[in-house]
Amino acid sequence: MSATDVGAVGAPARARPAPPRRRRKRLPATPMERALHWALVGVVTLVFAFLVIPILIVILESFNSADYLSFPPEGWSLTHYRRFFADSAWVDATLLSARIALLAAAIATVVGTVAAWGLARSTSRGKGLVFALLYSPLVIPIIVLAMSYYFTFADYRLIGQWQMVAIAYSVMGIPYVLVSVSSALQQFDPELENAARTLGAGLPRTLLQITLPSLTSAISAGALFAFVIAFDEAVIILFVAGNDSVTLARKLWDSVRYDLTPTLAVAGTILIAVCVGLFVLSELIKILRERRERR
């Protein structure tokens with residue numbers, strides 16, 4: 001036997017890596033499991049259809065060429081969109097809703113973020129009670145909140161002030177910011193803050209350069225929810241708006257009672273577009289940020 005043969009025999013053969021196995025979708029093994037699987041699919045489909053079909057009907061109705069609400073539409077036209085944007089009452093109501101929602105989202109974002117950070121860093125026994133109080137607007141019925149706002153604003157003659165309406169809406173948005181930021185703080189390492197403080201950074205600089213950049217996604221998500229709630233909420237505005245602060249939701253309510261035209265569907269479509277557009281924008285920002293962090 002030659003040295004070459006000995007070397008060939010003595011050298012261990014390199015094992016080729018096994019090809020990755022493709023995960024096959026597991027089908028239900030028994031007829032009962034298969035029946036439950038398709039029953040679940042059917043229920044989810046029905047729920048999805050129940051939620052989406054009314055939205056599609058409103059969108060299709062906004063392009064109706066008739067001068068009254070009718071479905072299916074008699075024809076297709078942009079007439080009611082032109083009427084909507086030519087009517088100063090609708091445009092002013094939309095702009096007022098946006099202004100109120102922006103102020104409410106700003107207040108809710110600041111208060112909710114500060115509260116979440118303070119509760120996360122607090123060791124007090126009463127922080128659970130504080131969290132419950134800040135979270136309570138999601139639990140209290142909206143009609144109870146509306147009545148409490150009405151009596152409070154009426155006593156101080158603040159009915160109709162759009163700034164006070166924004167403050168009322170911000171109370172409803174605080175819980176969303178609080179929950180979103182609190183969840184992000186649970187995954188945030190507090191030792192990063194301690195390291196920054198050890199290296200000489202003060203508390204404001206630590207918050208601005210270390211903590212807040214790590215919570216940007218959570219803060220923006222909470223602010224988005226606060227904006228959407230304030231933009232399309234219709235119960236509180238009926239109590240505290242008076243005759244001066246007519247938002248888009250209030251204008252919709254009045255038009256349902258007195259003027260049933262496809263312009264209502266146009267306003268509803270705008271509400272839907274704003275809400276869906278904001279959520280899509282939020283997801284795009286989140287995806288872009290994740291890609292940037294991977295690089």
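Report follows, based on the coordinates. (Residues numbered from 1 in each chain as written. Predicted model: local features only at pLDDT ≥ 70, side-chain atom pairs only at ≥ 80, totals over all residues. Heavy atoms only, no water.)

**Quick look at the overall build of the chain**
Turning to step 1, where the next piece is worked out: Counting secondary structure elements, the chain contains 13 helices and zero strands.
Turning to step 2, where the next piece is worked out: Going through the 295 residues of the chain one by one, you find that 31% of them count as buried.
Turning to step 3, where the next piece is worked out: A total accessible area of about 19,600 Å² is found for the chain, and carbon and sulfur atoms account for 66% of it. (Helix = DSSP H or I, 4+ residues; strand = E, 2+ residues; numbered from the N terminus. Buried < 20%, exposed > 50% of the residue type's maximum accessible area, 1.4 Å probe, protein only. Areas by Shrake-Rupley, 256 points an atom, 1.4 Å probe, with all protein chains shown as cover.)

**Considerations on the nonpolar core**
Soluble globular proteins tend to bury their nonpolar side chains together.
Turning to step 1, where the next piece is worked out: Membership of the largest hydrophobic core comes to 46 residues, with the highest contact counts inside it found for Phe84, Trp90, Tyr149, Tyr169, Val181, Ile236 and Leu248.
Turning to step 2, where the next piece is worked out: Breaking this core down by element, the ones donating at least two residues are α3 (79-86), α4 (88-121), α6 (142-155), α7 (162-187), α10 (216-232), α11 (235-240), α12 (248-258) and α13 (263-294).
Turning to step 3, where the next piece is worked out: Other than its neighbours up to four places away in sequence, tyrosine 169 contacts Ile100, Ala104, Ala230, Glu233, Ile236 and Ile237. (Core = buried A, V, L, I, M, F, W, Y, C linked by side-chain atoms within 4.5 Å. Contact = heavy atoms within 4.5 Å.)

**Brief notes about the side chain of threonine 261**
Turning to step 1, where the next piece is worked out: If you trace the backbone, threonine 261 turns up in the loop between α12 and α13.
Turning to step 2, where the next piece is worked out: By relative accessible area, threonine 261 is classed as buried at 15%.
Turning to step 3, where the next piece is worked out: The contact partners of threonine 261, leaving out residues within four places of it in the chain, are Asp67 and Leu69.

**Overview of the layout of surface pockets**
Turning to step 1, where the next piece is worked out: Taken as a whole, the largest pocket spans an internal volume of roughly 600 Å³.
Turning to step 2, where the next piece is worked out: Around the largest pocket sit 23 residues that line it, and Ser217, Ala218, Ser220, Ala221 and Lys286 are the ones nearest its centre.
Turning to step 3, where the next piece is worked out: Put simply, the parts of the chain that give the lining of the largest pocket at least two residues each are α7, α10 and α13.
Turning to step 4, where the next piece is worked out: The element contributing the most residues to the lining of the largest pocket is α13, with nine residues.
Turning to step 5, where the next piece is worked out: When grouped by side-chain class, the residues that make up the lining of the largest pocket number 11 nonpolar, seven polar and five charged. (1 Å grid on protein atoms, 1.4 Å probe; cavity = no way out; pocket = protein on both sides within 12 Å on 5 of 7 lines; lining within 4 Å. Points joined across faces, edges and corners; volume = space filled by probe spheres on them. Nonpolar A, V, L, I, M, F, W, Y, C, P; charged D, E, K, R; others polar.)

**Some thoughts on the pattern of salt bridges**
Turning to step 1, where the next piece is worked out: One pass over the full model with this rule turns up one salt bridge.
Turning to step 2, where the next piece is worked out: When the shortest N-O distance is used, the salt bridge between arginine 250 and aspartate 254 registers 3.4 Å. Here the residue arginine 250 and the residue aspartate 254 both occupy positions in helix α12, the gap between them amounting to four residues, near one helical turn.
Turning to step 3, where the next piece is worked out: Given the relative accessible area of 14%, arginine 250 is considered buried.
Turning to step 4, where the next piece is worked out: With relative accessibility at 22%, the residue aspartate 254 sits in the partly exposed group. (Salt bridge = Lys/Arg side-chain N within 4 Å of Asp/Glu carboxyl O.)

**Focus: α3**
Turning to step 1, where the next piece is worked out: Burial in α3 covers these residues: His80, Tyr81 and Phe84. One side of α3 carries all its buried residues, which in axial view fall inside an arc of 105°. Opposite the buried face of α3, by more than 90 degrees, sit the exposed residues Arg82 and Ala86. (Arc of directions from axis to C-beta.)

**Structural notes on unusual backbone geometry**
Turning to step 1, where the next piece is worked out: A positive phi angle is found at arginine 157, which is not glycine, with a value near 55°.
Turning to step 2, where the next piece is worked out: Looking at the element boundaries, arginine 157 is found in the loop between α6 and α7.

**Some remarks on the packing of α4 against α10**
Turning to step 1, where the next piece is worked out: Close contact between α4 and α10 brings their axes to 8 Å; oriented N to C, the two are set at 140°. Between α4 and α10 lies a crossing of right-handed hand. Judged by residue contacts, Thr94, Ser97, Ala98, Ala101, Leu102, Ala104, Ala105, Ala108, Thr109 and Thr113 of α4 engage Ile219, Ala223, Ala226, Phe227, Ala230 and Phe231 from α10. (Axes fitted to C-alpha atoms, helices over the stretch in contact; angles between N-to-C directions. Left-handed = near helix turned anticlockwise from the far one by under 90°.)

**Here's the deal with the packing of aromatic side chains**
Turning to step 1, where the next piece is worked out: Summed over all chains, the structure comprises nine aromatic pairs.
Turning to step 2, where the next piece is worked out: Pairing phenylalanine 227 with phenylalanine 231 gives two aromatic rings, centres 5.8 Å apart and planes at 15°, and the pair type is stacked. Taken as a pair, phenylalanine 227 and phenylalanine 231 lie in helix α10 at a separation of four residues, close to a single helical turn. Accessibility classification places phenylalanine 227 together with phenylalanine 231 in one group, the buried group.
Turning to step 3, where the next piece is worked out: Three or more aromatic residues joined by ring pairs make a cluster, and in this case those are Phe84, Phe85 and Trp90. (Phe/Tyr/Trp six-rings, centres within 6.5 Å; stacked < 30°, edge-to-face > 60°.)

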